[in-house]
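Examination of the molecular architecture
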Amino acid sequence: MNNHVRELRGEHGWSQAEMAERLDVSRQTINAIETGKYDPSLPLAFKIAALFGRPIESIFDPGE
Amino acid sequence: MIASKEDDRNRRVSAPSKSPSKPTNRRVLATMGGVAVLCALPCLLVGALTGRRWLVTAGAVAAATGAAWLLCARFAREEVMRPVHLRYLREFFPAMAGYLVLIVVSGTLVPRMESQAGRVALAVLPLLPIVLLIRAMVRVLRDQDELERRIDLEAIAIAAMSTAFGFFSFGLLSLADIGWHVSGDAVAIWVMPCLFAIFGIAKPLVARRYRDHE
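The text that follows walks through the structure, step by step, so that each part is easy to find.

**Let's talk about the overall build of chain B**
Check the secondary structure of chain B and you find 9 helices and 0 strands. When the helices and strands of chain B are read in sequence order from the N terminus, they spell out α-α-α-α-α-α-α-α-α. For chain B, buried positions account for 14% of its 214 residues. The long-range fraction of contacts in chain B, counting pairs at least 24 apart against all pairs at least 6 apart in sequence, stands at 71%.

**Digging into the packing of helix α2 (residues 25-50) of chain B against helix α3 (residues 53-75) of chain B**
All names here are of chain B. Packing of α2 against α3 leaves a shortest axis separation of 7 Å and a crossing angle of 160 degrees. On the basis of their axis angle, the class for α2 and α3 is roughly antiparallel. The two elements α2 and α3 cross, and the hand of that crossing is left-handed.

**Overview of α3 of chain B**
Residues and elements named next belong to chain B. Along its 23 residues, α3 runs 33 Å from first to last C-alpha, staying within 8% of the 33 Å computed at 1.5 Å per residue. Along α3, the positions that sit buried rather than exposed are L55, A58, G59, A62, T65, G66, W69 and A73. Those residues of α3 that are buried lie in contact with α2 and α4 (83-109).

**Description of the nonpolar core**
Ranked by size, the top nonpolar core spans 16 residues in total, and within it A20, I30 and I33 of chain A carry the most contacts. Where this core is concerned, the elements lending two or more residues are α1 (5-12), α2 (16-23) and α3 (27-34) of chain A together with α7 (146-175) of chain B. Per-element tally for this core: the top contributor is α7 of chain B, with 4 residues. In this structure I30 of chain A touches Q16, M19, A20 and V25 of chain A, once residues within four positions along its chain are discounted. A40, L55, A62 and A73 of chain B belong to the second-largest nonpolar core, a separate cluster that totals 10 residues.

**Regarding unusual backbone geometry**
In the Ramachandran plot, D24 of chain A falls in the positive-phi region, its phi being about 60 degrees despite a non-glycine side chain. The backbone of D177 of chain B shows a phi angle near 55 degrees, a positive value even though the residue is not glycine. With respect to the element layout, D177 of chain B can be found in the loop between α7 and α8 (184-189).

**Regarding the environment of F196 of chain B**
In this fold, F196 of chain B is placed in helix α9 (residues 191-208). Classification of F196 of chain B by C-beta neighbours within 10 Å gives partly exposed; the count is 16.

**Let's talk about the packing of α4 of chain B against helix α6 (residues 127-143) of chain B**
Residues and elements named next belong to chain B. Here α4 crosses α6 at 165 degrees, and the two axes come no closer than 8 Å. In terms of axis orientation, α4 runs roughly antiparallel to α6. For the element pair α4 and α6, the recorded crossing hand is left-handed. Listed contacts from α6 to V84, H85, Y88, E91, F92, A95, M96, G98, Y99 and L102 of α4 are P129, I130, L132, L133, A136, V140 and D143. Considering only residue class, the contact of α4 with α6 consists of 13 nonpolar, 2 polar and 2 charged.

Reading guide: rules and limits
Residues numbered from 1 in each chain as written. Chains lettered and ligands numbered in written order. Predicted model: local features only at pLDDT ≥ 70, side-chain atom pairs only at ≥ 80, totals over all residues. Helix = DSSP H or I, 4+ residues; strand = E, 2+ residues; numbered from the N terminus. Buried ≥ 20, exposed ≤ 12 C-beta atoms within 10 Å, placed from the backbone. Contact = placed C-beta atoms within 7 Å. Axes fitted to C-alpha atoms, helices over the stretch in contact; angles between N-to-C directions. Parallel < 35°, antiparallel > 145°, perpendicular 65-115°, else oblique. Left-handed = near helix turned anticlockwise from the far one by under 90°. Expected span 1.5 Å × (residues − 1). Core = buried A, V, L, I, M, F, W, Y, C linked by C-beta atoms within 7 Å. Nonpolar A, V, L, I, M, F, W, Y, C, P; charged D, E, K, R; others polar.

Read these as layout, nothing more, since geometry by itself doesn't imply function.
Spelled out as structure tokens, the structure:
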């Protein structure tokens, strides 16, 4: 699954640690999501979408 | 170049403050390692002087654990610990300290106790803090984030299967009567330490799968 988390985080000027704190997850989790090593669960994906104020499908796409 | 700048910024912003109120993982690991090594030295010394093998073994396990924690502290990334993990440590250390005290009390008094009921009570006494340790582990598994939980569960699965495989293999080889003479109680005692040790080795290996260049 592809995502735009890194770009959106950059737009907001947050570090991985700051974003992790806002979502109550570890920085390692944010790094793993951004690098595509880990696909978040649906509840966490919705929390990310709510944090950026965007629909979930504009952040995550299933890719090929 | 962009990634490098961003990584620099992440390092700067995620760098912990120097405030002692915010413990970092490196500081905590180094403290744990130092305390474990300091506890191991008198155990090894007293055990060697008095000829108590169990005390020497406990000292060796503590020394190895302490050395592993110090090594982890050396290579860990400096980050402020999350509240869920601080709570785990607050629950883990009193339980572990209680276990260490009770295992020494039990190991010293059991051979001198004549009553069987007394021996049973003293033998199972160190299990009480172990129950608290298990409770702390279950609580941290439930409350940490989903990736941390996945890593821990994968490491526990690897540890459980490897331990079972190892002891089963040992049992089959013992049945083949190849000249090993190890008592059943000694084998049973080592199940839990083996489980924890393999978990400790497996966890950073599993975590590597989810880590990119940081």
